[in-house]
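Chain and residue survey
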Amino acid sequence: LRNLPHMKSLKNLHLYQNGFVGSVPETLFELPNLEVLFLSSNLLTGEIPPSITGAQQTLKSLYLSDNKLHGQIPTDLCGLYKLEDLFIDTNDFNGPLPTCLGSLSNLKKIYAFKNRLTGDVPSVLLNLPNLVEVGIEENDLSGGVNQVCAWGRGLNIWADCSELEDGCD
């Protein structure tokens, strides 16, 4: 991974299931053309680094699923305005889903299930024009997702009953 910052034309980096340990390398976000970062199913620990904002001009897909990342989901993610896919599921994130994620107008999929997230589900997520999938089950989230609104748009939601505004029928 040490030589990656020198690969200035790199657009897609898929390092799935490689057994990488330690924190997410901050130098990855210095790659000027990086569009897809796939680091799922490794043994990464720590928090998502603030340096992620270095990729705000290009990053479209961020896959950090199935690691051991922790802390709160940083609002720095909200600056990734080209982001289409955000997969942060199966980690140890806690605290709320940042409301500012509702400003990511290109977001199509967000998977944040199997964490320790708490608080209300930001209903502003449903206002995103391109959003088609939301996975938030197996957290400690509560209300905020209006089923009728979501189904009327063709939005697929995976959630526990407590995370839905009207519960389960």
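Residues numbered from 1 in each chain as written. Predicted model: local features only at pLDDT ≥ 70, side-chain atom pairs only at ≥ 80, totals over all residues. Heavy atoms only, no water.

A few points about the nonpolar core
To keep it simple, the criterion reads: We define a nonpolar core as any set of buried Ala, Val, Leu, Ile, Met, Phe, Trp, Tyr and Cys residues linked to one another through side-chain atoms lying within 4.5 Å. Any residue under 20% of the maximum accessible area for its type is buried, any over 50% is exposed, and the rest in between are partly exposed; the area is computed with a 1.4 Å probe on protein chains only. Working rule for contacts: check all heavy atoms of both residues, and any pair within 4.5 Å makes them a contact.
Counting residues in hydrophobic clusters, the biggest one holds 43 residues, and the most contacted among them are Leu 37, Leu 62, Leu 77, Leu 86, Leu 97 and Leu 101. Beyond its immediate stretch of four places on either side in the chain, Leu 62 contacts Leu 37, Ile 52, Leu 77, Leu 83, Asp 85, Leu 86 and Phe 87. By size, the runner-up hydrophobic cluster in this structure holds 6 residues, among which are Val 36, Phe 38, Tyr 63 and Phe 113.

Section: unusual backbone geometry
Defined as follows: Secondary structure elements follow DSSP: runs of H or I no shorter than four residues count as helices, runs of E no shorter than two count as strands, and numbering proceeds from the N terminus.
One non-glycine residue, Thr 90, lies in positive phi territory at about 55°. Mapping Thr 90 onto the fold places it in the loop between strand S7 (85-87) and strand S8 (92-95). Phi is positive for Glu 138, which is not a glycine, with a value near 60°. Mapped onto the fold, Glu 138 is located in the loop between strand S11 (133-135) and strand S12 (140-142). Accessibility expressed as a relative area gives 47% for Glu 138, which makes it partly exposed.

Description of the packing of aromatic side chains
We apply this condition: Each aromatic pair joins two rings of Phe, Tyr and Trp (for Trp, the six-membered one) with centres within 6.5 Å, and gets the label stacked for planes under 30 degrees apart, edge-to-face for over 60, and tilted for any other angle.
Scanning the model with the defined rule gives 6 aromatic pairs in all. An angle of 25° between the planes, with centres 4.6 Å apart, marks the rings of Phe 38 and Tyr 63 as stacked. One end of the pair, Phe 38, is in strand S3 (residues 36-38); the other, Tyr 63, is in strand S5 (residues 61-63), with 25 residues separating them in the sequence. Classification of Tyr 63 as buried rests on a relative accessible area of 15%.

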